[in-house]
Amino acid sequence: MKKLIIHPKDSSTDFLKSIYKGLDEVELYTGKLSSKEVNRLFHHCPETSQIILLGHGFEKGLLRRVEKVNDFFYSIIVGHPHVYFLRNHHNTIGIFCNADKFARAEGLHGLFTGMIISELQEAEMFEIKTSKKEINTENVKLALRVRQLLDEGCPLREFPKRMSELDDIHSELTEFNYSHFYYF
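Analysis parameters
- Residues numbered from 1 in each chain as written.
- Predicted model: local features only at pLDDT ≥ 70, side-chain atom pairs only at ≥ 80, totals over all residues.
- Heavy atoms only, no water.
- Helix = DSSP H or I, 4+ residues; strand = E, 2+ residues; numbered from the N terminus.
- Rg over C-alpha atoms; globule rule 2.2 N^0.38 Å.
- Buried < 20%, exposed > 50% of the residue type's maximum accessible area, 1.4 Å probe, protein only.
- Contact = heavy atoms within 4.5 Å.
- Areas by Shrake-Rupley, 256 points an atom, 1.4 Å probe, with all protein chains shown as cover.
- Lys, Arg positive; Asp, Glu negative; His and termini not counted.
- Charge placed at Lys NZ, Arg CZ, Asp CG, Glu CD.
- Salt bridge = Lys/Arg side-chain N within 4 Å of Asp/Glu carboxyl O.
- 1 Å grid on protein atoms, 1.4 Å probe; cavity = no way out; pocket = protein on both sides within 12 Å on 5 of 7 lines; lining within 4 Å.
- Points joined across faces, edges and corners; volume = space filled by probe spheres on them.
- Nonpolar A, V, L, I, M, F, W, Y, C, P; charged D, E, K, R; others polar.

Draft legend 1. Focus on the overall build of the chain. A count of helical and extended segments in the chain gives seven helices and nine strands. Relative to its length of 184 residues, the chain is compact, with a C-alpha radius of gyration of 16 Å against a globular reference of 16 Å. Principal axes of the C-alpha set define a box for the chain whose edges measure 45 × 45 × 30 Å. The burial tally for the chain puts 51% of its 184 residues in the buried class. A fraction of 58% describes how many contacts in the chain between residues 6 or more apart in sequence connect residues 24 or more apart. Within the structure as shown, the chain displays about 9,400 Å² of accessible surface, and the carbon and sulfur contribution to it stands at 52%. Between the centroid of the 24 positive side chains of the chain and the centroid of its 26 negative side chains there is a distance of 5 Å.

Draft legend 2. Local environment of the pattern of salt bridges. Taken as a whole, this structure holds 11 salt bridges when the rule is applied. Note that R104 is salt-bridged to D100, the shortest N-O span being 3.5 Å. Taken together, the residues span about one helical turn, with R104 and D100 both in helix α3 (residues 99–106) at a distance of four residues. A residue is classified by how much of its surface remains accessible, and D100, at 6% relative accessible area, is buried. Measuring nitrogen to oxygen at the nearest pair gives 2.9 Å for the salt bridge that ties D151 to R147. Here R147 and D151 lie together in helix α5 (residues 132–152), a separation of four residues that amounts to about one turn. The exposure class assigned to R147 is buried, which follows from its relative accessible area of 14%. Each member of the salt-bridge network shares a partner with another, and the members are E138, K141, R145 and D168.

Draft legend 3. Here's a closer look at empty space enclosed by the protein. Within the structure shown, the criterion is met by one cavity of 30 Å³ or more. By volume, the largest cavity amounts to about 70 Å³. What lines the largest cavity is T13, F15, L16, G55, H56, I95, F96, C97, I116 and S118. Class assignment for the residues of the lining of the largest cavity results in six nonpolar, four polar and no charged.

Draft legend 4. Unusual backbone geometry, seen in detail. Of note, the phi angle at E25 is positive, near 55 degrees, even though the residue is not glycine. On the secondary structure map, E25 appears in the loop between β1 (3–6) and β2 (26–29). Look at H170: it is not a glycine, yet its phi comes out positive at around 50 degrees. Structurally, H170 can be placed in the loop between α6 (159–166) and α7 (172–178).

Without other data, these values stay purely geometric and don't point to any function.
Here is the structure:
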């Protein structure tokens, strides 16, 4: 099955690359895309293809990091203007913070994550006791487990249950992250 993947470059989400590394029939976009280009990609993506959105996000969509001199900000790369085409895809995966809120608000179908802790400041915000080392190690494992389930052909509706079952350490961090997979 062909996969259209949008994963904006950002070193803090590099661990997600293992979800698609080495897959066949991948059309990968990691750089800047205009809203018009995203709509074109989705419009020409067959309904039988899988769309995978990875990175940072919030309830309004997937974000792209924009570098400025001595600073950066995020802009929406996939959001409300693109949902017309996404609604036709029931095989969509969104792994970014609050992808579930975006999907619910826009009537999307597929597998979506809620808040996923990928940085120490996020753990502090949610009062999750962890370390930078644990976040890095466990997020790599989380992405590899998503890939494992994809490789096994696991139906998206079974991912939330299966991900929870694959949590082998049950720390505050892993229980938080693994419990934030949802199928709509």
